[in-house]
Amino acid sequence: DIGKPECWAKQKPWSDHVHYTFKTVSRILGEDYAYISMRHHSGPSYPSEYHPKTDFEKIICLADNLASGADRREEPKAGTPLPKPPVLLTHVLSGGDKVRFSTGAPRLAYTTQEIEKNLEEVGKNFSQKPDETYRSIYCFLKNSYLRFIPADTRPPINDVSLWDHLKLTAAFSTCIWLDGGYKGDNPEKYGFALLSGDADRVSQFVTTSTRLPDLSARSRRINKATEEAASSIEENLGPECLIFAGGGGFLTISPEKMVENIALKAKEAFEDITQGEVTITVNHVMAGGKKAQRSFGEVWRDAMREMRLKKLTRPALMPLS
């Protein structure tokens, strides 16, 4: 989908974005990766020669469908036959009636040029240092203007940024690959774990002392512990799988067979920083591919509900005398 900004800047049909994706990726990473990136749709709007053929391409196609269902549940309203700048990114809590960012054709075109210019040099090392290069590309895109461009220009599904869609697609791709690879087009052949962590009794820890320097220092320790837990997850799964981390909590997507090990390492990383003064409760729920695609919000609610129940089972602390 990296070709969408240029496609929309030139007001070409939505399905033409795959050609611009090929152009951008081939310049940065070469034609082999460009074909993998280009062939990520199998619908009737795309000629059969552009449909996925290899297992890599089929994984990305499947992940793209999962991510689109998870982050854009509604169907788009009838709109113009072609994307027409400015494209609007609406606020996720507004129902589509409040615009966060409006991006015209010149800025869309410039975004593509900026991405190609900044990543062309780093992409040369991809074959020799794939992990390091991938993380460099990820960090650049994370902070790029893709955060302000919608993944789809049609309301009401234009409330998801292109960056967020790319990240979620990458997360599903990673989990599918690490859990055994391509097993067919049926989403029910795949399972995903939603892993969450929530620090225990943070307020009690922070307010143990009422001295202002102590309050600040204890808050920083919680933040540092959260960062270490997040780093553990990113090291073992990749940064794309970490959905959120901050304030003593995290949320991540993980392959089924790896989730318990990932949870243990994240818990250890957190509690090493707090030296056991603050523990963290970790919990995960499982979801088949179809539920992740159609009811991701319900999976998230289930995860939060189970987390609350698990925290209620903690042993009570004796008050300090």
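Keep in mind that this is a model prediction, so the values were computed, not measured. (Residues numbered from 1 in each chain as written. Predicted model: local features only at pLDDT ≥ 70, side-chain atom pairs only at ≥ 80, totals over all residues. Heavy atoms only, no water.)

1. Section: the nonpolar core
Cut-off, in case you're wondering: In plain words, nonpolar cores are sets of buried Ala, Val, Leu, Ile, Met, Phe, Trp, Tyr and Cys residues tied together by side-chain atoms within 4.5 Å. Relative accessible area decides the class of each residue, using a 1.4 Å probe on protein chains only: under 20% of the type maximum gives buried, over 50% gives exposed, and in between gives partly exposed.
Core analysis: the largest hydrophobic core is formed by 43 residues, its most contacted members being F172, F192, L194, F250, I253 and F270. In this structure, I2, I28, Y46 and L108 belong to the second largest nonpolar core, which totals 27 residues.

2. Looking at helix α4 (residues 55-71)
Formally: Numbered from the N terminus, helices here are DSSP runs of H or I no shorter than four residues, and strands are runs of E no shorter than two. Here, expected helix span is obtained from the residue count minus one, scaled by 1.5 Å. Whether two residues touch is decided by their heavy atoms; if any such pair falls within 4.5 Å, the residues are in contact.
Look at α4: 24 Å from first C-alpha to last across 17 residues, which is about the 24 Å you get at 1.5 Å a residue. For α4, the set of buried residues is E57, I59, C61, L62, A63, D64, L66, A67, G69 and D71. Lining the buried residues of α4 we find α3 (31-38), α7 (162-178), β3 (191-199) and α11 (289-294).

3. Structural notes on a nonpolar patch on the surface
Filter applied, for reference: Each patch is built from residues that are more than 30% exposed by relative accessible area and take part in no salt bridge. Like charges join if they lie within 9 Å; nonpolar side chains (Val, Leu, Ile, Met, Phe, Trp, Tyr) join within 5 Å. Method for areas: the Shrake-Rupley scheme with a 1.4 Å probe, in which residue coverage is limited to the protein chains shown. A pair is scored as a salt bridge if a Lys or Arg side-chain nitrogen falls within 4 Å of a carboxyl oxygen belonging to Asp or Glu.
Side chains of I243, F244 and W300 sit close together on the surface and give an oily, nonpolar patch of about 280 Å² of accessible area. Structurally, I243 can be placed in strand β4 (residues 242-246).

4. Points about the packing of aromatic side chains
What counts here: Whether two aromatic rings pair depends on their centres lying within 6.5 Å, for rings of Phe, Tyr and Trp, where Trp uses its six-membered ring; planes under 30 degrees apart make the pair stacked, over 60 edge-to-face, and the rest tilted. Both a distance and an angle decide whether a charge sits over a ring: NZ of Lys or CZ of Arg must be within 6 Å of the ring centre and within 35 degrees of the ring normal.
Counted under the stated rule, the structure contains eight aromatic pairs. A ring pair is formed by F56 and W177, whose centres lie 5.4 Å apart and whose planes are at 45 degrees; its orientation type is tilted. With F56 in helix α4 and W177 in helix α7, the pair connects residues that are 121 residues apart, well separated along the chain. When its relative accessible area of 46% is taken as the criterion, F56 is described as partly exposed. Both rings, one in Y138 and one in W163, keep their centres 5.1 Å apart while their planes meet at 65 degrees; by these two values the pair is edge-to-face. Placement of the pair is Y138 in helix α6 (residues 130-142) and W163 in helix α7, with a sequence separation of 25 residues. Counting every residue linked through ring pairs, the aromatic cluster contains F101, Y145 and F148. Above the face of the Y145 ring, R107 is positioned so that its terminal group lies 4.0 Å from the ring centre.

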